[in-house]
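Structural overview
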Amino acid sequence: MDRRTLLTASGGALATTAFASQAYAAPAAHTERWFGRDPVRFNVISDIQGDLSDFGRALDDMAAVNPRSAGLAVAGDITPRGYDFEYAQVTAELRRHSHPRSMSWAIGNHEFYVPKWRDPDTLAQDTWPNGTTEDSLFRSFYRFAKRGSVHAETSFGGIPVLALGTERYAHFHDPKLWDEVWLSDAQFAWLEDRLWHWSRRRKPVMVITHHPLPNTVSGTRNKLYSSDYLQADRLLNLLGRHPDVFLFSGHTHWDLDLSDWVVRRVVPGTANLNGFTVVNTGAIQTGYRDDGKGGEVAVEGSFNQGLQVEVHRNSVVIKARDFARRTWLKQFTVPLSR
């Protein structure tokens, strides 16, 4: 059983929440502001996993610090288990707080955990999938995200944002697998097309995905996260050709205070010796660090972290934010090759 399923099941986030009607969204950003004098600013978070109170605090802090945000990307684990009522809770929490109109949602492994439960109150892994079909899990995500595929393109103030995601829940197809990510040829072809499209136009591209790629950001040299992708080399080969690609990944919940929260990943054979930028998104629900024994340990105290991204004409500035303490942790500037 996934360690975060245990955390969620023991928490207080499983009760149904009624929709709120008084909330509103911030005005939409200018779609072509990227070409103007001001930078385009947007936010990236991940791993809400039912922690709606911290999600609300994060939304409030982002609205205060970045009131004209061009968008909000959520890099997966939107819900604790993928029930429709859990998606509704997230929608209700959004309605209670100011937030950008432009949203980019990536699917995470927790969106596939309904089959581990006989009903919302009864964990029953021994009888998996408990009558739940793989197709029903994808349909729930599509209804919430208001689209018909796991991959999608969004614009944040003229900056392209590409969401990626698994198109199979692996355990339905191989009993030896669980959360491993599988992408279809169609999704790979779409990604390659969009990366070259924006490269020719000399625009940086933001890629949002839940699972981290191996040997990149914090936690990805740990055995827990060394084999999340069934086609890691193929994905790295596509991304690694483009110096102005920025990949944002969640899943690990590893602390943004760690030194390898942002890295440049060089992929041999791609003719791009500068590599591309990979960024850890932190987490809304519970933080982790290396335990020194090949595993991880929870961060003590309150934990609620995410990112603010500023796209300038010649550089991208990535800022790590502690939403709980309303403080900046650090920032990293990446020059653009254009």
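Residues numbered from 1 in each chain as written. Predicted model: local features only at pLDDT ≥ 70, side-chain atom pairs only at ≥ 80, totals over all residues. Heavy atoms only, no water.

Brief notes about the overall build of the chain
When you go through the chain residue by residue, the secondary structure sums to six helices and 16 strands. Among the 338 residues that make up the chain, the fraction classed as buried is 61%. Put simply, of all contacts in the chain between residues at least 6 apart along the chain, 74% involve residues at least 24 apart. When the accessible surface of the chain is totalled, it reaches about 13800 Å², and 50% of it is carbon and sulfur. (Helix = DSSP H or I, 4+ residues; strand = E, 2+ residues; numbered from the N terminus. Buried < 20%, exposed > 50% of the residue type's maximum accessible area, 1.4 Å probe, protein only. Contact = heavy atoms within 4.5 Å. Areas by Shrake-Rupley, 256 points an atom, 1.4 Å probe, with all protein chains shown as cover.)

Remarks on the nonpolar core
Ranked by internal contacts, the top residues of the largest apolar core, which has 32 residues, are Ile45, Phe55 and Trp105. Looking at this core, the elements that each hand over two or more residues are helix 2 (52-65), strand 2 (72-75), helix 3 (84-95), strand 3 (103-106) and helix 4 (134-145). With near-sequence residues (within four places) excluded, Ile45 lies in contact with Phe55, Met62, Leu72, Ala73, Val74, Ala75, Thr281, Ile284, Gly306 and Phe323. (Core = buried A, V, L, I, M, F, W, Y, C linked by side-chain atoms within 4.5 Å.)

Quick notes on the environment of Asp257
Tracing the chain through its elements places Asp257 in the loop between strand 9 (245-249) and strand 10 (262-265). In the structure, Asp257 is positioned 39 residues away from Ser218 in sequence and 9.9 Å away in space, judged by C-alpha atoms. If near-sequence neighbours (up to four positions away) are discounted, Asp257 is found in contact with Arg289 and Lys330.

Topic: the packing of aromatic side chains
Considering all chains together, one arrives at eleven aromatic pairs under this definition. Through successive ring pairs, a cluster of aromatic residues spans Phe112, Trp128, Phe138, Phe141, Tyr142, Tyr169, Phe172 and Trp178. In this structure, Lys116 packs its charged tip against the face of Trp178, placed 5.1 Å from the ring centre. Directly above the ring of Trp328 sits Lys319, whose terminal nitrogen or CZ lies 5.2 Å from the centroid. (Phe/Tyr/Trp six-rings, centres within 6.5 Å; stacked < 30°, edge-to-face > 60°. Lys NZ or Arg CZ within 6 Å of the ring centre and 35° of its normal.)

Considering the packing of helix 5 (residues 185-200) against helix 6 (residues 232-239)
Put simply, helix 5 and helix 6 touch, their axes get as near as 10 Å, and they point 15 degrees apart. In terms of orientation, helix 5 lies roughly parallel with respect to helix 6. Regarding helix 5 and helix 6, the two cross each other, and that crossing is right-handed. Here Asp185, Phe188, Leu191, Glu192 and Leu195 of helix 5 come into contact with helix 6, specifically with Arg234, Leu235, Leu238 and Leu239. By residue class, the composition of the contact of helix 5 with helix 6 is six nonpolar, no polar and three charged. (Axes fitted to C-alpha atoms, helices over the stretch in contact; angles between N-to-C directions. Parallel < 35°, antiparallel > 145°, perpendicular 65-115°, else oblique. Left-handed = near helix turned anticlockwise from the far one by under 90°. Nonpolar A, V, L, I, M, F, W, Y, C, P; charged D, E, K, R; others polar.)

A word on the sheet that holds strand 9
The strand order across the open sheet built from six strands is 6-7-8-9-11-10, with neighbouring strands paired in mixed fashion. Lying at the two open borders of the sheet, with one neighbouring strand each, are strand 6 (152-156) and strand 10. In this sheet, adjacent strand axes meet at a mean angle of 25 degrees when their direction is disregarded. The pairing of strand 6 with strand 7 (residues 159-163) spans five bridges and is classified as antiparallel. Bridged to Ala152 within strand 7 is Ala163. Its contacts with the sheet place helix 5 against strand 6, strand 7, strand 8 (205-209) and strand 9, and it is angled at close to 170 degrees to strand 7. (Pairing = 2+ DSSP bridges.)

Quick word on the sheet that holds strand 15 (residues 315-322)
Strand order in the open sheet made by the six strands is 3-2-1-14-15-16, with mixed pairing throughout. Each of the sheet's edge strands pairs with one partner strand only, and the pair in question is strand 3 and strand 16 (327-335). Each strand axis lies, on average, 20 degrees off the axis of its neighbour in the sheet, ignoring direction. Each of strand 1 (40-45), strand 2, strand 14 (305-311), strand 15 and strand 16 is contacted by helix 2, which is oriented at about 170 degrees to strand 1, the strand it contacts most.

Here's the deal with the confidence of the model for the chain
Per-residue pLDDT for the chain has a mean of 91; in total, 89% of the residues score no lower than 70. Note on residues 3-32: pLDDT under 50 across the span, and 78 contacts to partners over four residues away in sequence or across chains. (pLDDT = per-residue confidence, 0-100.)

Here's the deal with helix 5
Helix length check: helix 5, at 16 residues, gives a terminal C-alpha distance of 23 Å against a target of 22 Å (1.5 Å per residue), a fit within 8%. Of all the positions in helix 5, only Gln187, Phe188, Trp190, Leu191, Arg194, Leu195, His197 and Trp198 are classed as buried. Close packing links the buried residues of helix 5 with strand 6, strand 7, strand 8, helix 6 and strand 9. (Expected span 1.5 Å × (residues − 1).)

Considerations on the packing of helix 3 against helix 4
Axis separation between helix 3 and helix 4 bottoms out at 10 Å; the angle between their running directions is 20 degrees. Between helix 3 and helix 4, the angle falls in the class roughly parallel. Classified by chirality, the crossing of helix 4 by helix 3 is right-handed. Residues Asp84, Tyr87, Val90 and Thr91 of helix 3 form the contact with helix 4, whose participating residues are Ser140, Phe141, Arg143 and Phe144. Counted by class, the contact of helix 3 with helix 4 contains four nonpolar, two polar and two charged residues.

A short note on the side chain of Thr166
Structurally, Thr166 is set in the loop between strand 7 and helix 5. With a relative accessible area of 9%, Thr166 lands in the buried category. Within the structure, the side chain of Thr166 is placed 2.6 Å from the backbone oxygen of Arg168, a separation counted as a polar contact. Sequence-distant contacts of Thr166, defined by excluding residues within four places in its chain, comprise Ile107, Phe112, Phe138, Val150, Glu180, Val181, Trp182 and Leu183. (Polar contact = N/O pair within 3.5 Å; in protein donor to acceptor, adjacent residues only side chain to side chain.)

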